[in-house]
Amino acid sequence: MASTSASRSTGGVTSRIRTAASTLYSDNQSLIGEIRKALNMMKDVGVDLERDNQFQKVKELENAAVELLATHEQCTHFSSAVLSVGDRYQPGEESTNFKKLFDEETAKLKANSSSVPENNPMIRQFREAVWKVHHAGQPMPGEEQDDIVMTSTQCNLLNVTCPLSGKPVTELAEPVRSVECKHIYDEKAITIFLRSNARARCPVAGCPKMLQAGKVVRDPLLLIEIDELRTMSKQSATTSVIEDCTEFDEDELD
């Protein structure tokens, strides 16, 4: 009887730790989302300053964006470490050193991260937007035209179509994301999918991760990233129309 009671107590503690980790993860994702909004605003301000030929202020703003992006990276590591600690936690006879667990996970994430803020797609998009003010249609120094197209259309979403409903993520009314593999699904479709199997493999082809209902969430950052994808898609479509019209005019002149 005592063993059963202890087992229930242990299970309750584990559940509370994981719930707390999930809540903290969600709160931090909201913060990351606000940082992303700020970076997009800085890009718009940079474009306005470039139009006014305030080049020094543009450079200062770019440097500030690089610093803010470093904070964005730290917050991302924090979110991942919190979830990992919540999953790894196993109660024992001695008190758990959560700080040690967290520091170990953070160090591991930083060691596996090869990203340099100056080369991050968001900084490249900032530079490209500023460059286009006075050099529309021209590659930036040291880049080919194909590099510009790739940068303009690059996004942080791992999949742009729900593997279950077939809908583009930009058309999903209630998108959700797996905290394990970061793939995106239509909430209704993935809920039905998981009902038939509480632990099922991610339906994205080739993904080995197993899904759990509690780890497929409404990620606050996801909505911002989807909105960014919509904006990039519209800009890409506009650019294509302009290029088509230019080619048409040249043919007429010939």
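This text goes with the structure placed above it.
The shown structure was predicted, so the numbers you read here are calculated from the model rather than taken from an experiment.

> Account for the packing of helix H2 (residues 55-88) against helix H4 (residues 121-135), with residues named and values stated.
Close contact between H2 and H4 brings their axes to 10 Å; oriented N to C, the two are set at 165 degrees. Considering the angle they form, H2 stands roughly antiparallel to H4. H2 and H4 meet at a crossing whose hand is right-handed. The residues of H4 that touch H2, namely those facing Phe55, Val58, Leu61, Glu62, Ala65, Val66, Leu69 and His72, are Met122, Ile123, Phe126, Arg127, Val130 and His134. In terms of residue class, the contact of H2 with H4 is made up of ten nonpolar, two polar and two charged.

> Please give an account of the sheet that holds strand S1 (residues 175-178) that cites residues and values.
Ordered in space as S2-S1-S5, the three strands form an open sheet in which the pairing is antiparallel. Since the sheet does not close on itself, it has two edges, and those belong to strand S2 (184-186) and strand S5 (216-217), each with one partner. Note: S1 against S5, two bridges, orientation antiparallel. What sits directly across from Ser178, in S5, is Val216. Across the sheet, helix H6 (residues 187-195) touches S1, S2 and S5, and the angle it forms with S2 is around 90 degrees.

> So what about the environment of Asp103? Which residues, and what values?
Structurally, Asp103 can be placed in helix H3 (residues 98-112). Residue Asp103 is classed as partly exposed on the basis of its relative accessible area, which comes to 36%. Here the alpha-carbon distance between Asp103 and Val85, two residues 18 residues apart in the chain, equals 9.8 Å.

> Describe unusual backbone geometry, with residues and values.
Residues other than glycine seldom take positive phi values, yet Asn53 does so here, at roughly 60 degrees. Mapping Asn53 onto the fold places it in the loop between helix H1 (2-51) and H2. On the basis of relative accessibility, which here comes to 44%, the residue Asn53 falls in the partly exposed class. Of note, the phi angle at Lys182 is positive, near 70 degrees, even though the residue is not glycine. Counting through the fold element by element, Lys182 comes out in the loop between S1 and S2.

Quick notes on the rules
Residues numbered from 1 in each chain as written. Predicted model: local features only at pLDDT ≥ 70, side-chain atom pairs only at ≥ 80, totals over all residues. Heavy atoms only, no water. Axes fitted to C-alpha atoms, helices over the stretch in contact; angles between N-to-C directions. Helix = DSSP H or I, 4+ residues; strand = E, 2+ residues; numbered from the N terminus. Parallel < 35°, antiparallel > 145°, perpendicular 65-115°, else oblique. Left-handed = near helix turned anticlockwise from the far one by under 90°. Contact = heavy atoms within 4.5 Å. Nonpolar A, V, L, I, M, F, W, Y, C, P; charged D, E, K, R; others polar. Pairing = 2+ DSSP bridges. Buried < 20%, exposed > 50% of the residue type's maximum accessible area, 1.4 Å probe, protein only.

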